[in-house]
Amino acid sequence: MDDWFLSGYSLNPYSNCSFNCVYCYTRGSKYGENQVPGLAAKINAPEVLVKQLKNRARKREYGFIAFGSATDPYLPVEEDLRLTRELLIIILRFRFPLHLLTRSPLILQDLDILKKIGEKAVIPDQFQDKTDTGVVLSFSFSTTDEHLARIFEPGAPSPQERLETMKQCKEEGFTVGAIFMPLLPFLSDREEHLDEMIRKVKESGADFVMASGLTLFGEGPQDCKTRYYEVLEEHFPELVPKTRVIFGNSFAPSRKYQNELHQRFVRLCQKYQIRNRVY
Ligand code: SF4
């Protein structure tokens, strides 16, 4: 089980993602290997899911399902297709708990089912003393700066829309959190950036925050490493050499960078009295 994401299982209704983030880690990494070009809906997913969950429920192998870990489950196409909704109904039927990740206000159309999943899900033993609800809703941000978000996440709902959606979900009684992933070196990872981001999500009801640095994969023209440096060159050319230094030849930033980021983040979580993990 992935303790961090609370996930025993993962489920993605779509392949590829029309939010088109410049840094999208699925482009050029193993996480995108099985993705088809262009956006695709996994139309046989309901059938497969029924089989899988029926089998697991029979053996009482209940675990949180990470929903939307590789692509957003509330892409604009969901408004018509309602594939995510169909899968949620199956999850409710088999009483599995859920950790759903999104950036989209479209989630609001499914709060009725999500609420029922929260009430009916069988909570795995290791979480029983930590929660009595079977649903966690996370909203991801690489920044809460609107200008930066337009550059790096051209197709995604704005950070302000995400904050407002998170607030509404909190008001409806859900456990909600913010996932700062990936934090952009020198643009959204400094003390002042993180301070503002944590303050904003806390004001919008976040019960927890998590954070992680940028990863850059691939050398192809559409891979995230290539695209990230292109966009950086266009908008923030002065940051290109500094960014290359912290990555060296790796897909991940240096250990030193990661440690410093982690310490900064933990310190700010203490300042704002907010958990830095789901439970
Ligand atoms: S929302 Fe997530 S999956 Fe979609 S493009 Fe952005 S980083 Fe990739």
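No experiment lies behind these values; they were computed from the predicted model shown.

Rules behind the numbers
Residues numbered from 1 in each chain as written. Predicted model: local features only at pLDDT ≥ 70, side-chain atom pairs only at ≥ 80, totals over all residues. Heavy atoms only, no water. Helix = DSSP H or I, 4+ residues; strand = E, 2+ residues; numbered from the N terminus. Buried < 20%, exposed > 50% of the residue type's maximum accessible area, 1.4 Å probe, protein only. Polar contact = N/O pair within 3.5 Å; in protein donor to acceptor, adjacent residues only side chain to side chain. Contact = heavy atoms within 4.5 Å. Axes fitted to C-alpha atoms, helices over the stretch in contact; angles between N-to-C directions. Parallel < 35°, antiparallel > 145°, perpendicular 65-115°, else oblique. Left-handed = near helix turned anticlockwise from the far one by under 90°.

Caption draft 1: Up close: unusual backbone geometry. The amide bond that connects Met181 to the next residue, Pro182, takes the cis arrangement and shows omega of 0°. Here Pro182 shows up in strand β7 (residues 175-183). In this structure, Phe186 takes a positive phi of about 70° despite not being glycine. Along the chain, Phe186 turns up in the loop between β7 and α7 (191-203).

Caption draft 2: How the structure looks around the side chain of Arg103. Within the fold, Arg103 resides in the loop between β5 (98-102) and α4 (111-120). Judged by its relative accessible area of 8%, Arg103 falls in the buried class. A polar side-chain atom of Arg103 sits 3.0 Å from a polar atom in the side chain of Tyr23. Leave out the neighbours within four places in its chain, and Arg103 touches Phe19, Cys21, Tyr23, Asp72, Ser140, Glu153, Ala156, Pro157, Arg162 and Met181.

Caption draft 3: Spatial organisation of the packing of helix α1 (residues 45-58) against helix α3 (residues 83-94). At their nearest, the axes of α1 and α3 sit 10 Å apart, and the two run at 15° to each other. Compared by their axis directions, α1 and α3 come out roughly parallel. You can see that α1 and α3 cross each other, and the crossing is right-handed. Contact with α1, carried on its side by Ala45, Pro46, Leu49, Val50, Leu53, Lys54 and Ala57, involves Leu83, Glu86, Leu87, Ile90, Ile91, Arg93 and Phe94 of α3 and no other residues of that element.

Function cannot be inferred from these measures alone, as they are strictly geometric.
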